[in-house]
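Working through the structure, step by step
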Amino acid sequence: MDQHSPTEANENKVNYLDLIVALFLCADSFLQQRMALRMSMCQFSFPLLLPHYNNSQSGLMLWTLRDIVKEWNSVAEIKAPFFSFVRLKNSSLSKSQLLNHILSHGQQNKDVFMHRDMEGGAHQREIANGLIEISWFLPSGRENQDVFQKPIIFANLRGDVSESPTEFSFLSQVSTAIFVLMDKIQEDEKKMLTSLHDVKSKLFFVFSPNKNTMKDTVSVKTMVEKLDIPKNQVITKDQKTNIAGFSKKFCATINKSPAHLTSCMSIVNMSDKAMELGLSVDEHRSDTQKKAAERIMEGIWVKTISDYKKQELCLQGENWKKISKIEKEECRLNKADDSTLEDYKAELQKEKEALRKEQSKYKPSNEMKMFIESLSVNDKEKRDFFFKWMKLELDSYTRINFSQLRNKLQIEHEKENVKAVAELGQTLLDSSLGIEHYMREMGLIYEFSHETTEEITRLPRLAAEMVLDGHPLELLDGDASNIPEKWVSAVLNEVHMLVGGRSRLLVLTVLGVQSSGKSTLLNTMFGVQFPVSSGRCTRGAYMILLPVGEDLKSVLNYDFVVLIDTEGLKSPQMAQLEDSYEHDNQLATFVIGLSDITIINIAMENATEMKDILQIAVHAFIRMREIGKRPVCHFVHQNVAGISAHSMTMTDRKCLLDHLNEMTEIAAEMEMQSSVKLFTDVLDYDMEKNNWYIPGLWLGTPPMASVSTGYSQAVAELKKNLLMTKRKNINTDESRIPEFLEWMKSLWKAVKYENFIFSFRNTLVAKAYDNLWREFNQWEWEFRKQILTRGTEAEMEISNANTESDQDLFNLIDSKKDELSEIIDGQKELRKQFQEEFSRSDDVADTISKLSVKPQDELFRKVFGCGRQCPFCKVPCDAGGKQHLQHQAAVHRPKGLGGYRYETNDKLVETLCTTSVNSEQRFRNTDTDWKYHPNKKYMKIYPNWKIPPDSTIEASDYWKYVLVKYNDRFAKMYKAKPADIPVAWKNITKEQALKGLKDAFNMRENNTELTD
């Protein structure tokens, strides 16, 4: 090792203030913003005027401060008293230490400003003199704790004033008061202070005399008299008073400051003063982008947000929400009335196509054209500046307009006024406007457009570049509860192309109730910028693509970490909305299904609300297990105090596991997974390794609390463990973007078809409903048997009656009819749930079925699969060979082709079995002992058959065409009446039928013909 003398070692040491200045000088505008924001969160001071290393004038860091928000206000726009602290050459009292005591009054002392007694603070400064740092005092609202009752800005000029005359001149013009610290005043300093005669009313002399220095005292007294400074503006610190005691005296002086020292100026308004003095202003370099954002914002200030959205962001309005609801209803068929299911589906399809056609006619508004044009510049820095300015302007507008709504909502919530809370919750949603709404509109322009112009086709590429720059991409539109699949697929496919196909993904999701700190957890863990304001009302799921460094790619076997953040679940503001539970449960299942790692974030104060989400999560984990996907799950318990939290919470972890086991048992029964008994049957869960305890984010009393270093350390440890865990369990079949997209589409389709679990608050309620339904079916069957028995008894009584006249016989018949009618009329509610009834009729195919060797089955085994037929439509299983656990078919048929008919009219059933098994209807046949059974639970009767939804509505066109063309022949063969064909089916051409068949089986073009 090289040997260094103590002198050489000391020369290599750097003053921390020099390091901060150097970092800000080397950072670009956006990194400067992030650095200042982080310093503010930690209650560190941050630069207002930054000295330049080449001796040029300092720069006002207005842009840098734009992102810092304190108590719902941007610090750049807060109007508050501005108190500046400077010193002369000779000052034994430390400005920074004095300010630290003032700002920490009533709380644990914090080093807000770096001072000479800190490590590294005594080293010689090289470039930091002339730096002006600022910090805020913000009252908590507790008069007994707050040393000041209103916000105050404190500024600290580094170095003595004689070294930084321009910076001192700037402070003299913008400050409410200037506190000059001194032990004495030298001759050259007297001239400088005399020049401040115009601002003498702002000057406070803070004098710290040394012993036996009468000359120094005289120099100060002379200057006080010359400038005619009032006695109450001279603060003297005697030798016996320590800095803690002196700070209390100092605070009292500030509180008793003259009335004329109450003037306030925002930092935004300081820019003109800075320019007059020749100082640069950092945000002027983005004036063009700022003006572009302001032009787009002009319309917002003259109309309501609701009206603005309808006019300027119309594609995400009611039509988009209606399309989303129709798509779910196409899958769930909850509202089908007496019309046949296929007719109902055709009506839904027609309505959806009409809405999509109407959407495609909309042209982008002028505001959207300006937005897209400003994003489409080739200069990445200019694009980022515009995007940031849009976000800042929109956030500023939201802070101004949402405060009243939030206050009203809080008042009504405390009054437990359910109706008012629901209305205000919807108003908050309608009044929400952020940068994500403009990005969503851009996506929907592409989603609904049929044009191939350059203006449209460039949009996915533009969004892909922004995704690679670290901007979030909205996966799930929470307002409409839908995914614009065409748009999301196009954007991520562009990303896949831009990275040359190197897109191995590790997907990580944090799930938690509102305000549980999940977004902050991701931001701290990975340095990203998900919004963390609890006032946000936009719903949905967003992803950020985080590139893995080259040094870690070979270790982790991934190119990107995909971070998925969702809105807060169980939001009290949204709880009164009609779809609140369904929306939350769908979202939880969707993001869990996408993830390789799921973090369940549990804040101790929200543990009760989180249990409902956990129950839904267990369902999702069971379903993922069924298809072979086993995500890693970690439980993060936030706001847990104490360094021994993990060892002290063994009982809590055991209790959590007991709850998870109970939930798993209930969920497994409902999912018909008899082999699943415990939570550990679903996931590789270790009670010790999969639970993390993290202390609270804030240290101290808000709003002057700082970020806890214990929080950051715990989160860093969690991140390290997560990545190392995946390193040990590297999957050879890692997912790339194309596979991720296919999985996302399949998962969302499965979510759309679900309509049982999601409709209830949690699975315990769902299970209770399930038990009730079973009891109802049994009771209904007993009732029907009773009617049949009573009818038979009445018939026997009538036939055995010894009546003397026909009139007596008629009277007896009428009485029995009335008796039965009374029973039936009393149960009319049962009859409202009229369902189709099926029965099998004899047909000529029985001759073939009686053969000992069935040629058609042998053919199906060799060509399609085992040949077992669907119990509803009789399509053969095409799973392949005999070795499979469940039978399945690529395309199912109308059930009439399998011989099913309606009991009520003897007509062939036109409904596809893929439709009926997702409907609210019921069926009965010999396999159910002629008892009614819900179509959705067909697997309880036929556990070996899996009937998934059709991949597209056109997938079954071939068999629809066949039924239309040969309806009469099938009816004759099955000795039934022809089916009632849906009108839409009659418009299917032979070419469309063949295309549907080819698409379903991925067949190549050939000369397949339909013949008679």
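The preceding data block contains the structure.
What follows deals with the nonpolar core. Within the largest apolar cluster, 108 residues are counted, with the highest numbers of intra-cluster contacts made by Phe371, Tyr438 and Phe635. The dominant element in this core, judged by the number of residues it contributes, is helix 25 (residues 607-626), at 9 residues. With 86 residues, the next largest nonpolar core counts Leu17, Ile78, Met182 and Cys251 among its residues.

Geometry of a packed helix pair, given as the angle between the helix axes and the separation of the axes. Where helix 21 (residues 485-498) meets helix 29 (residues 737-753), the axes come as close as 9 Å, and the angle between the chain directions of the two elements is 165°. One way to sum up the angle between helix 21 and helix 29 is to call them roughly antiparallel. By crossing handedness, the relation of helix 21 to helix 29 is classed as right-handed. Where helix 21 approaches helix 29, its residues Glu485, Val488, Ser489, Leu492, Asn493, Val495 and His496 are matched on the opposing element by Ile737, Pro738, Phe740, Leu741, Met744, Lys745 and Trp748. Here the contact of helix 21 with helix 29 is built from residues that sort into 9 nonpolar, 3 polar and 2 charged.

Right, let's get into the pairing of strand 7 (residues 152-157). Within strand 7, 6 of the 6 residues are buried, which leaves the element mostly enclosed by the surrounding structure. What you see with strand 7 is no split at all: Ile152, Phe154 and Asn156 on one side and Ile153, Ala155 and Leu157 on the other are buried throughout. Here strand 5 (residues 82-87) pairs with strand 7 via 4 bridges, running parallel. By the bridge assignment for strand 7, Phe85 is matched with Asn156.

The subject of this paragraph is the sheet that holds strand 16 (residues 597-603). Strand pairing in a sheet takes place through backbone hydrogen bonds and is either antiparallel or parallel in direction. Pairing within the open sheet is mixed, and its 7 strands lie in the order 12-14-15-13-16-17-18. The strands lining the two open edges of the sheet, one partner per strand, are strand 12 (473-477) and strand 18 (691-694). Neighbouring strand axes in the sheet, compared pairwise and without regard to direction, differ in orientation by 20° on average. Where strand 13 (residues 505-512) meets strand 16, 5 bridges bridge the pair, whose relative direction is parallel. From the neighbouring strand, Gly512 faces strand 16, where its bridge partner is Asn601.

Counting along an α-helix, one turn takes 3.6 residues, and residues three or four places apart therefore face a common direction. The buried fraction of helix 22 (residues 518-526) amounts to 8 of the 9 residues, a majority that puts the element mostly inside the structure. Of all the positions in helix 22, only Lys518, Ser519, Thr520, Leu521, Leu522, Asn523, Met525 and Phe526 are classed as buried. Count one or two residues on from helix 22 and you reach Gly527, which has phi positive near 70°.

A few words on the side chain of Ser91. In this fold, Ser91 is placed in the loop between strand 5 and helix 5 (95-103). Not counting the four nearest positions on each side in its chain, Ser91 is found in contact with Arg116, Leu181, Met182 and Asp183.

With that settled, consider the packing of aromatic side chains. For the coordinates displayed, the defined rule picks out 31 aromatic pairs. Seen from their ring centres, Trp301 and Tyr397 are 4.9 Å apart, and the 80° between their planes marks the pair as edge-to-face. Separated by 96 residues along the polypeptide, Trp301 in the loop between helix 11 (287-297) and helix 12 (305-312) and Tyr397 in helix 16 (residues 380-414) bring together distant segments of the chain. The exposure class of Trp301 is partly exposed, given its relative accessible area of 47%. Judged by centre distance (5.6 Å) and plane angle (80°), the rings of Phe872 and Tyr942 are edge-to-face. In this pair, Phe872 sits in the loop between helix 34 (855-863) and helix 35 (913-916) while Tyr942 sits in the loop between strand 22 (933-934) and helix 36 (957-965), placing the two residues 70 residues apart along the sequence. For Phe872, a relative accessible area of 0% puts it in the buried group.

The subject of this paragraph is unusual backbone geometry. Here the phi dihedral of Asp906 falls at roughly 65°; this positive angle occurs in a residue that is not glycine. If you check the backbone angles, Lys975 has positive phi at about 55° while not being a glycine. Structurally, the position occupied by Lys975 is in the loop between helix 37 (967-973) and helix 38 (983-986).

So, on to the packing of helix 5 against helix 9 (residues 243-255). Closest axis-to-axis distance for the helix 5/helix 9 pair is 9 Å, and the angle between their directions is 65°. Considering the angle they form, helix 5 stands roughly perpendicular to helix 9. Like other packed secondary-structure pairs, helix 5 and helix 9 cross with a definite hand, here right-handed. Here Gln97, Leu98, His101 and Ile102 of helix 5 lie close against helix 9, whose contacting residues are Ile243, Ala244, Phe246, Ser247, Phe250 and Cys251. In terms of residue class, the contact of helix 5 with helix 9 is made up of 7 nonpolar, 3 polar and no charged.

It is worth spelling out the sheet that holds strand 2 (residues 59-60) at this point. One open sheet holds the 9 strands; their spatial order is 10-9-8-5-7-6-1-2-11, and the pairing between them is mixed. Looking at strand neighbours, the two that pair on one side only are strand 10 (234-236) and strand 11 (280-281), the edges of this open sheet. The sheet contact formed by strand 8 (residues 177-182) and strand 9 (residues 203-207) spans 5 bridges and is parallel. Paired with Met182 across the strands is Phe207, a residue of strand 9. Together, strand 5, strand 7, strand 8, strand 9 and strand 10 form the strand contacts of helix 9, whose direction differs from that of strand 10 by roughly 165°.

Counting across every chain of the model gives 0 disulfides. Free of any disulfide, Cys913 has its nearest cysteine sulfur in Cys873, 3.6 Å distant. With a relative accessible area of 0%, Cys913 lands in the buried category.

Okay, the pairing of strand 12 next. Counted residue by residue, strand 12 has 5 buried out of 5 residues, so it is predominantly covered. Note that strand 12 and strand 14 (residues 540-547) share 4 bridges and pair antiparallel. Along strand 14, the bridge assignment pairs Glu474 with Tyr542.

Looking at where Ile599 falls in the secondary structure, it is placed in strand 16. Overall, the relative accessible area of 0% leaves Ile599 in the buried class. Sequence separation of Ile599 and Asn691 is 92 residues, and the distance between their C-alpha atoms is 9.9 Å. Setting aside anything within four residues of it in sequence, one finds Ile599 in contact with Leu508, Thr509, Val510, Leu511, Leu521, Met525, His634, Val636 and Leu722.

Note that side chains of opposite charge can pair when their charged atoms are close. In total, this model carries 28 salt bridges according to the counting rule given. Among the ionic pairs, Lys190 bridges to Glu187, the shortest N-O distance being 3.1 Å. Residue Lys190 and its partner Glu187 are located together in helix 7 (residues 187-194), separated by 3 residues, close to a single helical turn. Between Arg504 and Asp559 there is a salt bridge, and its shortest N-O distance comes to 3.0 Å. Taken together, the residues Arg504 in the loop between helix 21 and strand 13 and Asp559 in the loop between helix 23 (550-556) and strand 15 (560-566) connect sequence positions 55 residues apart. For the pair Arg504 and Asp559, a shared accessibility class is recorded, and that class is buried.

So, about the environment of Ser29. Within the fold, Ser29 resides in helix 3 (residues 29-41). For the pair Ser29 and Phe385, spaced 356 residues apart in sequence, the C-alpha to C-alpha distance is 9.0 Å. Once you skip the residues sitting within four places of it in the chain, Ser29 turns out to touch Trp63, Arg285 and Phe385.

The rules behind these values
Residues numbered from 1 in each chain as written. Predicted model: local features only at pLDDT ≥ 70, side-chain atom pairs only at ≥ 80, totals over all residues. Heavy atoms only, no water. Core = buried A, V, L, I, M, F, W, Y, C linked by side-chain atoms within 4.5 Å. Buried < 20%, exposed > 50% of the residue type's maximum accessible area, 1.4 Å probe, protein only. Helix = DSSP H or I, 4+ residues; strand = E, 2+ residues; numbered from the N terminus. Axes fitted to C-alpha atoms, helices over the stretch in contact; angles between N-to-C directions. Parallel < 35°, antiparallel > 145°, perpendicular 65-115°, else oblique. Left-handed = near helix turned anticlockwise from the far one by under 90°. Contact = heavy atoms within 4.5 Å. Nonpolar A, V, L, I, M, F, W, Y, C, P; charged D, E, K, R; others polar. Pairing = 2+ DSSP bridges. Phe/Tyr/Trp six-rings, centres within 6.5 Å; stacked < 30°, edge-to-face > 60°. Disulfide = S-S within 2.5 Å. Salt bridge = Lys/Arg side-chain N within 4 Å of Asp/Glu carboxyl O.

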